[in-house]
Every structure is written in structure tokens, then in C-alpha cells.
Amino acid sequence: MELTFNEVTYTYSPGTPFEFRALENLSLHVPSGSYTAIIGHTGSGKSTLIQHINALLQPTSGSVKVGDFVIEAGRKNKNLRSLREKTGIVFQYPEHQLFEETVEKDIAFGPKNFGVDEEEIRERVNKALEAVQLPEDMKEKSPFDLSGGQMRRVAIAGVLAMKPKVLVLDEPTAGLDPRGQKEMMDMFYSLHESEELTTVLVTHSMEDALTYADEVVILNEGRKYMQGAPLDVFKRKEELRQVQLDIPEVLEFLEKIEKEFGVSIEYNKQPLAELAKELTSRLGRRDDYE
Amino acid sequence: MKDRIEFEGVTFRYQEDAPPVLKDVDFFIEKGEWVAIIGHNGSGKSTIAKLMNGLLFAENGKVSVDGMSVNPESVWEIRKKVGMVFQNPDNQFVGTTVRDDIAFGMENQGVPREEMVEKVAGSLRDVQMETYENHEPHRLSGGQKQRVAIAGVLAIAPDYMLLDEATAMLDPKGRQEILKTVRDVQEKSNMSLVTITHDLREIVAADRVIVMNKGEVWFEGTPREVFAHKDSLSFIGLDVPFVAKLTEEMKQYGVSFRKEPLNHEEMVEELWNLHSTK
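Cut-off values and rules
- Residues numbered from 1 in each chain as written.
- Chains lettered and ligands numbered in written order.
- Predicted model: local features only at pLDDT ≥ 70, side-chain atom pairs only at ≥ 80, totals over all residues.
- Heavy atoms only, no water.
- Helix = DSSP H or I, 4+ residues; strand = E, 2+ residues; numbered from the N terminus.
- Rg over C-alpha atoms; globule rule 2.2 N^0.38 Å.
- Buried < 20%, exposed > 50% of the residue type's maximum accessible area, 1.4 Å probe, protein only.
- Contact = heavy atoms within 4.5 Å.
- Areas by Shrake-Rupley, 256 points an atom, 1.4 Å probe, with all protein chains shown as cover.
- Lys, Arg positive; Asp, Glu negative; His and termini not counted.
- Charge placed at Lys NZ, Arg CZ, Asp CG, Glu CD.
- Phe/Tyr/Trp six-rings, centres within 6.5 Å; stacked < 30°, edge-to-face > 60°.
- Lys NZ or Arg CZ within 6 Å of the ring centre and 35° of its normal.
- Axes fitted to C-alpha atoms, helices over the stretch in contact; angles between N-to-C directions.
- Parallel < 35°, antiparallel > 145°, perpendicular 65-115°, else oblique.
- Left-handed = near helix turned anticlockwise from the far one by under 90°.
- Nonpolar A, V, L, I, M, F, W, Y, C, P; charged D, E, K, R; others polar.
- Pairing = 2+ DSSP bridges.
- UniProt positions renumbered as here; feature names shortened; annotations may be inferred.
- Domains from an automatic or database assignment.
- Buried area = accessible area lost by both parts, 1.4 Å probe.
- Salt bridge = Lys/Arg side-chain N within 4 Å of Asp/Glu carboxyl O.
- Polar contact = N/O pair within 3.5 Å; in protein donor to acceptor, adjacent residues only side chain to side chain.
- pLDDT = per-residue confidence, 0-100.

1. Quick word on the overall build of chain B
Counting its secondary structure elements, chain B contains eleven helices and ten strands. Relative to the 2.2 N^0.38 estimate, which gives 19 Å for 278 residues, the radius of gyration of chain B is 20 Å and therefore close to what a compact globule would have. The principal-axis extents of the C-alpha atoms in chain B amount to approximately 70 × 50 × 35 Å. Taken over 278 residues, chain B has a buried fraction of 53%. Pairs at least 24 apart in sequence give 62% of the contacts found in chain B among residues at least 6 apart. Of the roughly 12,800 Å² of accessible surface on chain B, a fraction of 47% belongs to carbon and sulfur atoms. Between the mean site of the 33 positive side-chain charges and the mean site of the 46 negative ones, chain B shows a separation of 3 Å.

2. Considerations on unusual backbone geometry
Here Lys 269 of chain A, not a glycine, exhibits a phi torsion of approximately 65 degrees, which is positive. Here Lys 269 of chain A falls in the partly exposed class, since its relative accessible area comes to 40%.

3. Looking at the packing of aromatic side chains
Think of a pair of aromatic rings as described by two things: how far the centres are apart, and how the planes are tilted against each other in angle. Scanning the entire structure with this criterion turns up nine aromatic pairs over all chains. Geometrically, the ring pair formed by Tyr 10 of chain A and Tyr 12 of chain A is edge-to-face, given 4.8 Å between the ring centres and 80 degrees between the ring planes. Ring geometry for Phe 12 of chain B against Tyr 14 of chain B: centres 4.9 Å apart, planes inclined by 85 degrees, an arrangement best described as edge-to-face. We classify Tyr 14 of chain B as partly exposed; its relative accessible area is 48%. The aromatic ring of Phe 28 of chain B is capped on one face by Arg 4 of chain B, whose charged end is 4.2 Å from the ring centroid. Arg 79 of chain B extends its terminal NZ or CZ atom over the ring of Trp 76 of chain B, reaching a point 5.2 Å from the ring centre.

4. Regarding helix α1 (residues 45-52) of chain B
Residues and elements named next belong to chain B. Within α1, six of the eight residues are buried, which leaves it mostly tucked inside the rest of the structure. Lys 45, Thr 47, Ile 48, Ala 49, Leu 51 and Met 52 are the residues of α1 that are buried. Of the residues trailing α1, Gly 54 is marked for its positive phi of about 75 degrees.

5. Describing the packing of helix α10 (residues 242-251) of chain B against helix α11 (residues 264-276) of chain B
Residue and element names in this part refer to chain B. Relative to each other, α10 and α11 sit at 20 degrees, their axes nearing to 10 Å. What the angle tells us is that α10 and α11 run roughly parallel. With respect to the hand of their crossing, α10 and α11 are arranged in left-handed fashion. Contacts between α10 and α11 involve Phe 242, Val 243, Leu 246, Thr 247 and Met 250 on the former and, on the latter, His 264, Met 267, Leu 271 and Leu 274. For the contact of α10 with α11, the residue count by class is seven nonpolar, two polar and no charged.

6. A short note on the sheet that holds strand β4 (residues 61-66) of chain A
Residues and elements named next belong to chain A. Taken in spatial order, the four strands of this open sheet run β2-β1-β4-β5, and their pairing is antiparallel. The outermost strands of the open sheet, each flanked by one partner alone, are β2 (20-30) and β5 (69-72). Along the sheet, successive strands turn relative to each other by an average axial angle of 20 degrees, direction set aside. Along the sheet, helix α1 (residues 46-53) contacts β1 (3-12), β2, β4 and β5; its crossing angle with β1, the most-contacted strand, is approximately 120 degrees.

7. Here's the deal with the UniProt feature "domain: ABC transporter" (unreviewed entry) in chain A
Residues given the UniProt feature "domain: ABC transporter" (unreviewed entry) here are residues 3-246 of chain A. Structurally, residues 3-246 of chain A comprises 36% helix and 25% strand, and the distance from its first C-alpha atom to its last is 27 Å.

8. Things to note about the pairing of strand β1 (residues 4-12) of chain B
All names here are of chain B. Judged by how many residues are buried, β1 sits mostly within the fold: seven of nine residues are covered. The sheet contact formed by β1 and strand β2 (residues 22-30) spans six bridges and is antiparallel. Bridged to Phe 12 within β2 is Leu 22.

9. Considerations on the environment of Leu 170 of chain B
Turning to its location among the elements, Leu 170 of chain B is positioned in the loop between β7 (160-164) and α6 (172-188). Along the backbone, Leu 170 of chain B and Asn 88 of chain B are 82 residues apart, and their C-alpha atoms lie at a distance of 9.2 Å. The contact partners of Leu 170 of chain B, leaving out residues within four places of it in the chain, are His 204 of chain A together with Gly 142, Gly 143, Gln 146, Arg 175 and Ile 178 of chain B.

10. Re the domain arrangement of chain B
Reports of interface size often rely on the accessible area that becomes lost once the parts have come together. All names here are of chain B. Taken as a whole, chain B is organised into domain 1 (4-239) and domain 2 (241-277). Computed over C-alpha atoms, the centres of domain 1 and domain 2 are 33 Å apart. Of the residues lining the interface, seven residues belong to domain 1; the matching set on domain 2 comes to nine residues. Summed over both sides, the interface between domain 1 and domain 2 buries roughly 790 Å², with carbon and sulfur atoms accounting for 65% of that surface. Taken as a group, Val 204, Arg 224 and Lys 230 account for 67% of the area that domain 1 buries against domain 2, more than any other trio of residues on that side. Here domain 1 is connected to domain 2 by four salt bridges. Between Arg 224 and Glu 266 there is a salt bridge; the shortest N-O distance is 2.9 Å. Counting the contacts that link domain 1 with domain 2 gives five residue pairs in polar contact (both at pLDDT 80 or more). Among the elements that take part in the side of domain 1 that touches domain 2, helix α8 (residues 223-227) stands out by supplying three residues, more than any other.

11. Description of the UniProt feature "domain: ABC transporter" (unreviewed entry) in chain B
When the UniProt feature table is mapped onto this chain numbering, "domain: ABC transporter" (unreviewed entry) sits at residues 5-239 of chain B. As a span, residues 5-239 of chain B carries 37% helix and 24% strand, and end to end its C-alpha atoms are 27 Å apart.

12. Describing the confidence of the model for chain B
For chain B, per-residue confidence averages 89 on the pLDDT scale, and residues scoring 70 or more make up 99% of the total. Model confidence for the complex: the whole-complex pTM is 0.86, and ipTM, which rates the interface, is 0.82.

13. Description of the pattern of salt bridges
Residues and elements named next belong to chain A. Here the structure, examined in full by the defined rule, presents 40 salt bridges over all chains. In this structure, the salt-bridge partner of Arg 122 is Glu 119, at a minimum N-O distance of 3.9 Å. Taken as a pair, Arg 122 and Glu 119 lie in helix α4 (residues 118-131) at a separation of three residues, close to a single helical turn. The exposure class of Arg 122 is partly exposed, given its relative accessible area of 43%. Its salt-bridge partner being Lys 235, residue Glu 266 comes within 3.4 Å of it at the nearest N-O pair.

What follows is the structure, encoded as C-alpha cells:
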């Protein structure tokens with residue numbers, strides 16, 4: 001399902017001393033089936049942007065199109081149900097929203113609310129548990145007896161059980177240990193592929209954007225600052241530094257190598273082993289390696 | 001009596017019938033050093049922090065601070081010596097202004113007003129937030145909030161400051177701010193720092209690293225010593241710096257390193273060796 005933001009401006013508390021313009025004239029197109037990373041500092045408008053995707057917020061001016069659904073400034077939204085059924089948002093620390101007695105009930109809560117029949121719900125719960133890599137016998141447990149990482153997976157399973165077409169992830173790995181982070185990002189990527197999802201990832205990690213996304217959007221002070229394929233965006237180092245954003249470490253390192261040794265190595269996501277080989281042969285004695 | 005935090009054969013479990021989260025843990029934190037405690041989620045890191053300032057008490061073994069055993073009787077004395085900053089910046093404010101918030105800890109300890117005013121100003125200067133005295137804490141950015149939380153701890157002039165994943169919820173810019181603040185404070189005073197973290201930058205900057213795995217001390221050493229165990233670190237679910245990974249790969253191509261580089265500067269220096277033999 002494709003997403004289009006058309007000159008969206010959003011102002012919090014308009015007409016009060018706390019008035020704050022969080023998004024300004026933002027236009028953005030996210031093609032169906034793409035994986036888009038949204039990057040920016042705290043306060044750059046990332047959270048405001050994603051809340052427009054399922055009409056939790058309505059633009060102050062401009063419009064947002066999600067599939068055929070149009071959310072427009074000044075017009076009452078009808079049929080929000082069908083929009084929210086298709087757009088799953090995993091908010092930060094989603095495990096804080098668990099509340100049911102059992103894992104099964106918690107995952108089933110969404111589809112039940114949307115009137116899905118019992119048989120189908122059972123099927124969806126099993127499939128969602130499988131997708132987040134939790135064993136089926138966990139269904140009867142209380143979500144509050146699980147570890148933090150498991151609780152987060154249950155919360156995510158609840159979103160997946162809605163069978164969304166668009167999956168929005170707001171810093172989904174915050175607070176997990178390094179292995180947990182990688183497992184979770186790999187899990188989202190395989191879901192993205194197998195379910196043909198349109199995925200929007202809000203992240204601070206340039207590394208994750210580079211590894212998983214096919215498009216990167218950089219926000220700064222509520223405006224779109226840059227957009228493009230990750231490698232193209234991250235090559236524009238000076239522009240990124242102007243808004244105090246880092247570039248992925250591997251690119252920073254290769255830049256240093258070029259400055260120190262005058263040796264330029266092109267990065268195109270080659271594995272580390274290959275990079276090590278290139279570095280060794282370009283910097284070391286030639287006769288050893290050719 | 002040595003001035004240090006000491007864990008001797010410490011075992012702890014949250015419920016009687018639950019498996020222990022810490023098993024026979026021994027280590028110490030010396031005065032003035034910066035120790036990073038790392039480990040996978042559930043390895044017992046946060047439990048250690050809570051045992052250090054008497055939020056929890058050891059079931060077996062002994063936790064002591066400057067020779068004083070941590071127990072329900074000594075806990076108020078202990079907390080004058082050991083300050084703590086938590087992960088979530090929104091969960092640690094009580095005051096309606098930054099000034100009131102920082103004064104809270106001192107009020108609890110009956111510090112006279114005159115002295116309090118001075119200390120609030122001083123600790124805000126230490127974290128570069130002096131112009132925010134009258135601001136409302138909840139309107140600050142995450143990084144600013146954590147700096148105020150650190151100022152609140154500094155105001156009671158503890159000998160040990162614990163940061164329990166204090167940068168985990170911040171963006172990269174906020175993280176760097178905190179790291180710099182903490183480093184500056186550490187340089188000025190003889191305070192010990194204990195940081196519980198997954199952040200590789202934080203770990204590399206520490207004097208010493210304690211690696212926890214499944215409730216036990218798995219390794220203890222300098223960052224360089226710790227990251228020399230790349231394979232086993234990733235086996236227990238931890239990450240190693242990019243430079244350390246690259247070093248490992250380059251060794252496969254016959255490159256030798258005089259010392260294991262941990263950051264870009266050290267790596268470049270090592271590569272000059274390789275380059276100059278060309």
C-alpha cells in the first residue's frame with residue numbers, strides 16, 4: 001500500500017502560547033512494498049509524521065493518502081476502522097501496552113475488536129507467534145511473566161495479528177541488547193519480504209538504515225531535509241554534519257583512510273572480509289597480494 | 001579500610017523459588033576509576049546497580065561501600081556515597097523546576113539552604129545547564145533531562161556515580177552530550193563512575209570493563225583486553241567495535257598489529273605501519 005504526504009503542515013496547540021509547528025510543508029512518497037527509514041533528531045518531527053499514517057493526527061494543512069484513504073485538513077475522517085486495520089504501528093516500548101491475562105488474549109485483542117471470527121483469530125494468533133519467533137506453548141502464560149525482549153515480541157505479534165499492509169516501526173529495538181537488536185531487525189526484514197509489507201522504520205541507527213532500508217528520509221526541524229537511496233544520502237556527509245547527524249561508521253572510516261593515505265575505496269555494502277582484503281592490498285605491499 | 005565498592009560472593013534472587021540472577025559474584029570498584037558493566041539483557045547488570053546503593057540487599061555474600069556493609073540500617077549513609085541515574089529521563093523528576101529538582105536530594109539530607117543554593121548552581125555549571133535553573137524539567141530534551149538528573153546526583157557529592165543505561169533512550173547527539181559531561185566531571189573530581197551500558201563508545205572510554213553473563217562475572221579487564229575476545233563476546237550476545245572486527249578480518253590477510261586498535265585513530269596508526277613497509 002503506498003503512502004503520499006502532500007504539503008503536510010502540523011501545528012500542536014495552535015493559537016496558544018505553546019503553539020509549535022512540528023511538520024512544515026512536508027511532501028513524501030513511499031511506494032508500495034518499499035522499506036523506508038526516517039531519521040532525524042529528537043524533535044525533528046518523526047513521531048508526528050508517523051501518527052499521520054493511521055490518522056491519529058490530522059494535518060493542519062495539506063493531505064495524507066494511505067492507499068485509497070485520504071486524510072485531509074479540516075475534513076472529518078470517515079471509516080477510520082478500515083484504515084487502522086491496514087496500518088500497524090509498533091510504538092516505542094510497545095511492551096508497556098500489554099494488559100491481558102494471557103499472551104493469547106493480548107494478541108487476539110486487536111482482531112477481536114475488529115470483529116474477526118474465532119476460528120480465524122486462533123489461526124492469526126498462531127501465525128503471529130510464529131512470525132515473532134515465540135513458541136506456541138507461551139500462549140497460556142501471563143505476558144508479565146516474560147522477559148523484556150519476549151514481552152516486546154508479544155506486543156509486536158498483536159500488531160501483526162491485524163494483518164497490516166503497512167508496518168510502522170518507531171525505534172523498535174530501543175533498550176534491547178546487541179543480539180536482541182539484530183534478531184529483531186532481521187525478523188522485521190523477513191516479515192517485510194514474506195508479507196510484502198510497506199515498512200516505515202523510525203530510527204537513530206544509520207547502520208540499520210544502511211542495512212535494511214531501500215530509501216532514507218532525513219527530517220530536520222519538521223522539514224524534509226534529504227531523501228534518497230541510503231548510500232546516496234550517506235555520501236553527502238557535509239550536509240548531514242550540518243544538521244549534526246553522523247554517517248554510518250564504515251563510511252566515516254573510509255573517509256578517514258582517504259584523507260590519511262589518499263586511497264579511495266568505494267563502499268557498496270561489500271562484506272567486511274572483502275573490505276579488509278581491499279584495504280590490505282591497497283595499503284600494503286603490492287607483491288604480496290597480486 | 002579500603003575506599004572502594006566491593007562485592008564478595010554475592011548471590012541474589014528476586015523470588016525464593018526463582019533461579020538466582022546473580023551467582024557468587026566477586027568484584028570491586030576502586031576510588032576514581034571508570035568501570036563499564038556490560039552483558040546481555042537479563043545477565044544481572046541492573047541488579048548489581050541496585051545492590052550497590054541499597055535498592056536491593058544481597059541474599060548471600062556481602063556488598064560493601066568504603067568498608068560499610070550495605071543493609072537496611074546503613075542504606076541512608078550508603079546513598080550519600082553512591083548516586084544513581086536511571087534509564088528513563090521522564091521517571092526521575094520530582095521538582096517543578098530544575099532548581100527544585102536538584103535541591104530535592106539535598107533537602108532529604110538536611111543540607112542548609114545557603115549551601116544548597118550554592119551547590120545547585122555549581123552542579124548545574126558542571127553539566128552546562130546553568131541557564132535552565134527555572135525551567136520545567138519535563139519540557140527539556142532527553143539529553144538535557146539526563147544532564148539535570150546527573151546534576152542532582154552531583155549536588156550530593158557522592159564518591160560513586162552509577163549510570164544504569166542512562167543514555168539508552170537518547171538520540172546519538174544526546175548520548176554524546178552525556179558522555180562528555182560525565183567525562184568532564186570525572187576529570188575534575190576523584191569520583192568513581194560505574195556505567196551499565198550496551199553503547200560501544202561508552203565501553204571503549206572506560207578504564208575497566210566487567211562482562212556479565214547469566215548472573216556471573218564472565219571477564220574483567222581493560223577495554224582492549226575485553227575486545228580481544230571477539231568470538232566469545234558475540235557468542236554471549238554482545239557486540240564488538242567496528243574497528244576490532246575489521247582488525248580480525250585483516251589478520252586473515254596476514255596483516256599484523258602491534259596492539260589491538262579500538263578506535264579510528266589507533267587503526268590509522270596501525271595501518272601506517274603496514275603502509276610504510278610498502
